[in-house]
Amino acid sequence: MSSETTSRAAAPDGLQAASPSSVQTPSAESIPYLQRGSAAFRRANWALFAAGFSTFSLMYCVQPLLPLFAEHFGVSPAQSSLSLSLTTGLLALAIFLVGFWSSRLPRKAVMAASLFASGVLTLAVAATPNWHALLAVRALQGLVLGGVPAVAMAYLAEEVSSADLGFAMGLYIGGSAFGGMMGRVITGLVADHSDWHMALVVVGVVGVLSAVLFVLALPASRHFKPQKGGGWAAARQGFATHLVDPNLLSLFALGFLLMGGFVTVYNYAGFRLMAPPYLLSQTLISAIFTVYLVGIFASALFGRLADRYGRGAMLCTGVGTMFLGLLLTLSANLIVMVAGVVVLTFGFFAAHSVASGWVGRLARGYKAQAASLYLLSYYLGSSVLGSVGGKCWEWAGWSGVVGLIGAFLVLSVALSARLFIVTSPARTAASASRVS
């Protein structure tokens, strides 16, 4: 019996030993990776689906409440968006800081603490007495939420076999899509039949329950080895390595632009749909957020297609689909407008699934720091561009919002096309031959 066969037979249930070509050091050959079809792989996917669900539901649960905040606290639409922008902005900072210590922090413990704390803080938001207190708690929530996205991508890149990474990443992003949908739908429905305080209580309780599921289901890390030395110097080396890589820089820029455009659409779609010619109720507006379901499908589908047909081609397809959806939202016809939101949502999650999975594959070591930089850009886009979109809404209505996002997507198309060209098999083979 070969040594490889022996190592596979000795692997515990749900795990299969990695092949020598899939590891970086000889000593890691016998360490098993999570592979599709195993019980451990399924548990990990359920756990990270719950983590993505909780993170995004708690983060975006205030989005359908923005018009209610504006009315209740007497603030403008742009000011009401701060209840989301502050959270995503501080989340970006938290992701960056966690990245510095990620080589020493236990993956599961960091994510679990983040999930429990963010659920409790959502309950605190429901009890805030005034606008400034609400913003302060939402800002703190952004800081504690950073533990999940900063570590989840690194966990998947370390623990899942390379052949199944795209699929696993797609399911994690799918959980994020489902959470983003349910957080918005739950708060909108409950607020319409009760008030926004009770809506946030319900979402906070769901967040705590998701944290419990995560702790019970997630397998322990097997490839992560905490590093006691290095500290800031090692972290800076990791960041410096990634910030001179033009392909990673393109992915970071795409995260900023795509997320910024996507959040801007959802921030101000509620204001548009409550105004003429639509005049929809809060319940009907919340029902429109169910289009997030297509994000779950798009994430899993494009994660699998990227493994099969190449990430460059699938990234271009996702961004192009998003641009088409944006144009459809200009229609005054409600059905066409909602169809545009559906298409844009599909394209966004398709592109994000591909880009986020690509970061870990392109990173030359320091994978957690690479994930942190991508997510830093991603959530800064949500915070900065989401607030800028409010000024465009106040100045020019929905046409101003679409014009701003359209400019983001034109640049995104150019960046995606560049990545497609420079990573094509012919270009890669030519570069390899020149090096040799």
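Residues numbered from 1 in each chain as written. Predicted model: local features only at pLDDT ≥ 70, side-chain atom pairs only at ≥ 80, totals over all residues. Heavy atoms only, no water.

### Topic: the packing of helix H8 (residues 147-159) against helix H9 (residues 165-193)
At a closest axis distance of 10 Å, the pairing of H8 and H9 adopts a crossing angle of 155°. With respect to each other, H8 and H9 are oriented roughly antiparallel. At the point where H8 passes H9, the crossing takes the right-handed sense. The segment H8 lies against H9, with Val148, Pro149, Ala152, Met153, Leu156 and Ala157 engaging Leu165, Ala168, Met169 and Tyr172. Per-class residue counts for the contact of H8 with H9 are ten nonpolar, no polar and no charged. (Axes fitted to C-alpha atoms, helices over the stretch in contact; angles between N-to-C directions. Helix = DSSP H or I, 4+ residues; strand = E, 2+ residues; numbered from the N terminus. Parallel < 35°, antiparallel > 145°, perpendicular 65-115°, else oblique. Left-handed = near helix turned anticlockwise from the far one by under 90°. Contact = heavy atoms within 4.5 Å. Nonpolar A, V, L, I, M, F, W, Y, C, P; charged D, E, K, R; others polar.)

### A word on the nonpolar core
By size, the foremost hydrophobic cluster in this structure holds 128 residues, and its most contacted members are Leu315 and Tyr379. A total of 20 residues in this core trace back to one element, the largest contributor, which is helix H17 (residues 367-422). The contact partners of Leu315, leaving out residues within four places of it in the chain, are Leu251, Leu254, Ala351, Val354, Ala355, Trp358, Ser416 and Leu419. (Core = buried A, V, L, I, M, F, W, Y, C linked by side-chain atoms within 4.5 Å. Buried < 20%, exposed > 50% of the residue type's maximum accessible area, 1.4 Å probe, protein only.)

### With respect to the confidence of the model for the protein chain
Overall, the prediction assigns the protein chain a mean pLDDT of 81, with 85% of residues at 70 or greater. The weakest mean pLDDT in the protein chain belongs to helix H1 (residues 3-10) at 35; the strongest belongs to helix H7 (residues 131-145) at 94. For residues 1-28, every residue scores under 50 in pLDDT, and the model assigns this stretch 38 contacts once sequence neighbours within four places are set aside. Across residues 428-436, confidence stays below pLDDT 50; counting only partners more than four residues off in sequence or on other chains, it has two contacts. (pLDDT = per-residue confidence, 0-100.)

### Quick look at the packing of helix H14 (residues 293-309) against helix H15 (residues 311-328)
Angle between the axes and distance between the axes: these two values describe a pair of packed helices. At a minimum axis distance of 7 Å, the contact between H14 and H15 shows a crossing angle of 140°. Judged on the interaxial angle alone, H15 and H14 are oblique. For the pair formed by H14 and H15, the contact residues are Phe302, Leu305, Ala306, Asp307 and Tyr309 on the first element and Arg311, Ala313, Met314, Thr317 and Gly318 on the second. Looking at the contact of H14 with H15 residue by residue, the classes come out as six nonpolar, two polar and two charged.

### Some thoughts on a nonpolar patch on the surface
On the surface, Leu123, Met198, Val201, Val205 and Leu209 cluster together into a nonpolar patch covering about 390 Å² of accessible area. The element that contributes the greatest number of residues to the nonpolar patch is helix H10 (residues 196-217), accounting for four residues. Along the chain, the position of Val205 falls in helix H10. (Patch = residues over 30% accessible without salt bridge, like charges linked within 9 Å, V, L, I, M, F, W, Y side chains within 5 Å. Areas by Shrake-Rupley, 256 points an atom, 1.4 Å probe, with all protein chains shown as cover. Salt bridge = Lys/Arg side-chain N within 4 Å of Asp/Glu carboxyl O.)

### Brief notes about the side chain of Arg138
For Arg138, the position within the fold is in helix H7. Buried and without a salt bridge, Arg138 has Asp195 as its closest oppositely charged side chain, separated by 15 Å. Within polar-contact distance, the side chain of Arg138 engages the backbone oxygen of Leu58 at 3.0 Å. Setting aside its immediate chain neighbours within four residues, Arg138 contacts Leu58, Met59, Cys61, Val62, Ser83, Leu84, Thr87 and Val125. (Lys, Arg positive; Asp, Glu negative; His and termini not counted. Polar contact = N/O pair within 3.5 Å; in protein donor to acceptor, adjacent residues only side chain to side chain.)

### Details of H15
Compared with the 26 Å implied by 1.5 Å per residue over 18 residues, the 26 Å span of H15 between its first and last C-alpha is a close match. All of the buried residues in H15 are Arg311, Gly312, Met314, Leu315, Gly318, Val319, Met322, Gly325 and Leu326. (Expected span 1.5 Å × (residues − 1).)

### Let's talk about the pattern of salt bridges
Using the criterion set out here, one finds one salt bridge in the structure. Notably, a salt bridge pairs Glu158 with Arg107, separated by 2.4 Å at the nearest N-O pair. Of this pair, Glu158 sits in helix H8 while Arg107 is found in helix H6 (residues 107-126), placing the two residues 51 residues apart along the sequence. Grouping residues by exposure puts Glu158 and Arg107 together as buried.

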